[in-house]
Amino acid sequence: MNDKLEKAVDAVIDKTEKGKINWERTDTNFYNRNAFYHKYVSNNGMILDGVNNYVAPYGEGYIYFTNQVDDGYREIAIQPNKNADITVLSTGRASKLMTLEDIIKDKLDNPDDFLDSLLS
């Protein structure tokens with residue numbers, strides 16, 4: 001099973017790089033609307049700061065990425081559908097999780113498209 005989870009993390013990184021998975025920052029509205037996410041965040045003592053928590057819809061469910069910036073702890077998890085519990089794929093300070101976070105931030109925060117629009 002660990003090998004399958006590791007391959008899933010690799011797939012998320014690959015699909016994010018290719019633009020097949022689109023992330024957005026998680027806010028308290030999403031937290032309040034999704035009971036399973038609410039439980040997941042509360043039970044794990046995570047802090048939702050609106051900046052370092054991300055969600056991506058995928059299929060019938062969601063992929064979650066969290067960075068607890070105080071200690072650098074990162075976590076990626078999936079929710080197969082809106083009525084399913086959340087399964088953690090990987091946690092800790094693994095380089096793959098840092099890479100994924102960098103890709104997500106680059107996609108969300110890269111000003112190039114905005115600047116190109118201003119300049120055209």
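Predicted, not measured: the structure shown is a model, and the values here were computed from it.

Chemist: Help me out: how do you make sense of the overall build of the protein chain in this one?
Modeler: What the protein chain contains, in helices and strands, is five helices and five strands. In the protein chain, the succession of helices and strands from N to C terminus is α-β-α-α-β-β-β-β-α-α. Over its C-alpha trace the protein chain gives a radius of gyration of 15 Å, about what one expects of a compact globule, namely 14 Å for 120 residues. The C-alpha extent of the protein chain, read off along each of the three principal axes, is 45 × 35 × 30 Å. Residues classed as buried in the protein chain amount to 36% of the 120 residues present. A separation threshold of at least 6 residues defines the contact pool for the protein chain, and within that pool the share at least 24 residues apart is 48%. Surface accessibility of the protein chain: about 7,300 Å² in total, with carbon and sulfur atoms responsible for 49%. The centroid of the 14 positive side-chain charges in the protein chain is displaced by 6 Å from the centroid of its 20 negative side-chain charges.

Chemist: Looking at this structure, how should I read helix H3 (residues 35-43)?
Modeler: Residues lying three or four places apart along an α-helix face the same way, a consequence of the helix completing one turn every 3.6 residues. Residues of H3 that are buried include every one of Tyr37, Tyr40 and Val41, and no others. Taken end-on, H3 shows its buried residues confined to a sector of 95 degrees, consistent with a single buried face. Away from the buried face of H3 by more than 90 degrees, exposed residues Ala35 and Asn43 are located. The inward-facing, buried residues of H3 abut helix H2 (28-33), strand E2 (53-58), strand E3 (61-68), strand E4 (73-79) and strand E5 (87-92). A distance of 3.1 Å separates the backbone nitrogen of Phe36 from a side-chain oxygen at the start of H3, and that oxygen is part of Asn34. Of the residues flanking the end of H3, it is Gly45, one or two places downstream, whose phi is positive at about 60 degrees.

Reading the values: the criteria
Residues numbered from 1 in each chain as written. Predicted model: local features only at pLDDT ≥ 70, side-chain atom pairs only at ≥ 80, totals over all residues. Heavy atoms only, no water. Helix = DSSP H or I, 4+ residues; strand = E, 2+ residues; numbered from the N terminus. Rg over C-alpha atoms; globule rule 2.2 N^0.38 Å. Buried < 20%, exposed > 50% of the residue type's maximum accessible area, 1.4 Å probe, protein only. Contact = heavy atoms within 4.5 Å. Areas by Shrake-Rupley, 256 points an atom, 1.4 Å probe, with all protein chains shown as cover. Lys, Arg positive; Asp, Glu negative; His and termini not counted. Charge placed at Lys NZ, Arg CZ, Asp CG, Glu CD. Arc of directions from axis to C-beta. Polar contact = N/O pair within 3.5 Å; in protein donor to acceptor, adjacent residues only side chain to side chain.

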